[in-house]
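A closer look at the structure
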Amino acid sequence: MLEKDIERILVSSDEINEITKRMGKQLSEDYKDKFPLVIGLLKGCVPFMGTLVSNMDIHLEMAFMDVSSYHGGIESSGDIKISMDLNISVKDRHVILTEDIVDTGRTLKVIIELLKYRGAKSIKVATLLDKPAGRVVELVPEYVGTIIPKEFVVGYGLDYEEKYRNLPYVGVLKPEIYNK
Ligand code: IMP
């Protein structure tokens with residue numbers, strides 16, 4: 001049903017499985033005995049963070065924030081809104097921020113500054129996708145699943161007008177869907 005709206009698959013389910021396995025293993029080594037706080041930025045983080053933490057063989061804690069920047073369209077607005085804040089303290093914690101994609105970098109830049117201000121001991125970013133060609137602020141994620149070109153993608157957490165987040169892969173939408 002959903003597949004008919006997809007022009008082409010950019011990152012397949014198999015590739016996502018490999019990415020999360022590799023990244024989960026790396027994080028398990030890097031954060032051994034650190035009891036990291038894995039923070040997910042809702043709602044895009046859900047599928048990726050779920051698979052990632054299930055590939056991490058260490059003790060960790062999870063928490064969520066709801067941050068929006070896109071407001072349903074395909075252009076980043078640069079206007080970041082925190083609609084749900086964390087319910088625990090980040091003070092002295094090693095934080096791993098998980099994201100579906102880093103595009104302009106604005107969202108994470110703001111969140112990183114906020115968590116630093118709140119006293120996090122360390123903050124690193126783990127993202128499924130990186131779109132470096134879209135960057136407008138300086139931000140280099142420490143853990144990157146794969147780099148993609150500057151295209152609007154959906155699936156595995158990424159949406160277009162709140163739809164397509166449940167696709168088991170990442171794909172490019174047919175232009176007629178957003179030109180409607
Ligand atoms: P940034 O602040 O521009 O880096 O935006 C990050 C957020 O924008 C992501 O968490 C996504 O919610 C959204 N975003 C960026 N690129 C895309 C895309 O290609 N498809 C869907 N959402 C995107």
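To keep things clear, this report deals only with the structure shown in the data block. It should be emphasised that the depicted structure is a prediction, and the values quoted were computed from it without experimental measurement.

Rules of the game
- Residues numbered from 1 in each chain as written.
- Predicted model: local features only at pLDDT ≥ 70, side-chain atom pairs only at ≥ 80, totals over all residues.
- Heavy atoms only, no water.
- Pairing = 2+ DSSP bridges.
- Helix = DSSP H or I, 4+ residues; strand = E, 2+ residues; numbered from the N terminus.
- Axes fitted to C-alpha atoms, helices over the stretch in contact; angles between N-to-C directions.
- Contact = heavy atoms within 4.5 Å.
- Near = heavy atom within 4 Å.
- Polar contact = N/O pair within 3.5 Å; in protein donor to acceptor, adjacent residues only side chain to side chain.
- Areas by Shrake-Rupley, 256 points an atom, 1.4 Å probe, with all protein chains shown as cover.
- Buried < 20%, exposed > 50% of the residue type's maximum accessible area, 1.4 Å probe, protein only.
- Core = buried A, V, L, I, M, F, W, Y, C linked by side-chain atoms within 4.5 Å.

If you trace the 6 strands from one edge of the open sheet to the other, you get S4-S3-S2-S5-S6-S7, paired in mixed fashion. What marks the edges here is a single partner per strand, and that holds for strand S4 (81–84) and strand S7 (143–147). Neighbouring strand axes in the sheet, compared pairwise and without regard to direction, differ in orientation by 30° on average. Across 3 bridges, the pairing between strand S3 (residues 61–68) and S4 is antiparallel. In the sheet register, Val67 faces S4, and the bridge partner there is Ile82. Sitting on the sheet, helix H2 (residues 46–54) is in contact with strand S2 (37–42), S3, strand S5 (94–102) and strand S6 (122–130), with an inclination near 160° to S2. Where helix H3 (residues 106–117) meets the sheet, its contacts fall on S2, S3, S4, S5 and S6, and the angle it forms with S5 comes to roughly 170°.

It is worth spelling out the site of the ligand at this point. Around the ligand there are 18 residues in total, and Asp103, Thr104, Gly105, Thr107 and Val153 lie nearest to it. Glu99 is positioned such that a nitrogen or oxygen atom in its side chain is 3.0 Å from an oxygen atom of the ligand. Separating an oxygen atom of the ligand from a side-chain N or O atom of Lys131 is a distance of 2.9 Å. Taken by itself the ligand offers 490 Å² of open surface, and the protein chains cover 92% of this. The set of elements that each furnish at least two residues to the shell around the ligand consists of S5 and H3.

Another aspect to go through is the environment of Glu162. Its place among the elements puts Glu162 in the loop between strand S8 (153–154) and strand S9 (170–173). For Glu162, a relative accessible area of 45% puts it in the partly exposed group. Sequence separation between Glu162 and Lys43 is 119 residues; the distance between their C-alpha atoms is 9.3 Å. Here Lys43 takes part through its side chain, which lies 2.8 Å from a polar atom of the side chain of Glu162.

A few words now on the sheet that holds strand S1 (residues 6–11). Pairing within the open sheet is antiparallel, and its 3 strands lie in the order S1-S9-S8. Looking at strand neighbours, the two that pair on one side only are S1 and S8, the edges of this open sheet. Alignment of S1 against S9, held across 4 bridges, turns out to be antiparallel. Looking across to S9, one finds that Ile9 is bridged to Gly171. Relative to the sheet, helix H1 (residues 13–30) contacts S1 and S9, its axis offset from that of S1 by approximately 25°.

So, about the pairing of S9. Pairing of S8 with S9 involves 2 bridges; the strand directions are antiparallel. Counted as the bridge partner of Val154 is Gly171 from S9.

Right, let's get into unusual backbone geometry. The peptide bond linking Leu42 to Lys43 adopts the cis configuration, its omega dihedral lying at -5°. With respect to the helices, strands and loops of the structure, Lys43 is situated in the loop between S2 and H2. Unlike most non-glycine residues, Asp92 shows phi in positive territory, near 65°. With respect to the helices and strands, Asp92 occurs in the loop between S4 and S5.

This paragraph deals with the nonpolar core. Within the largest apolar cluster, 26 residues are counted, with the highest numbers of intra-cluster contacts made by Met23, Leu27, Leu128, Leu129, Val153 and Val170. Residues in contact with Met23, not counting those within four places in the same chain, are Phe48, Leu52, Ala126, Thr127, Tyr143, Val144 and Gly145. Counting residues in hydrophobic clusters, the runner-up holds 19 residues, among them Ala63, Leu97, Val102 and Val125.

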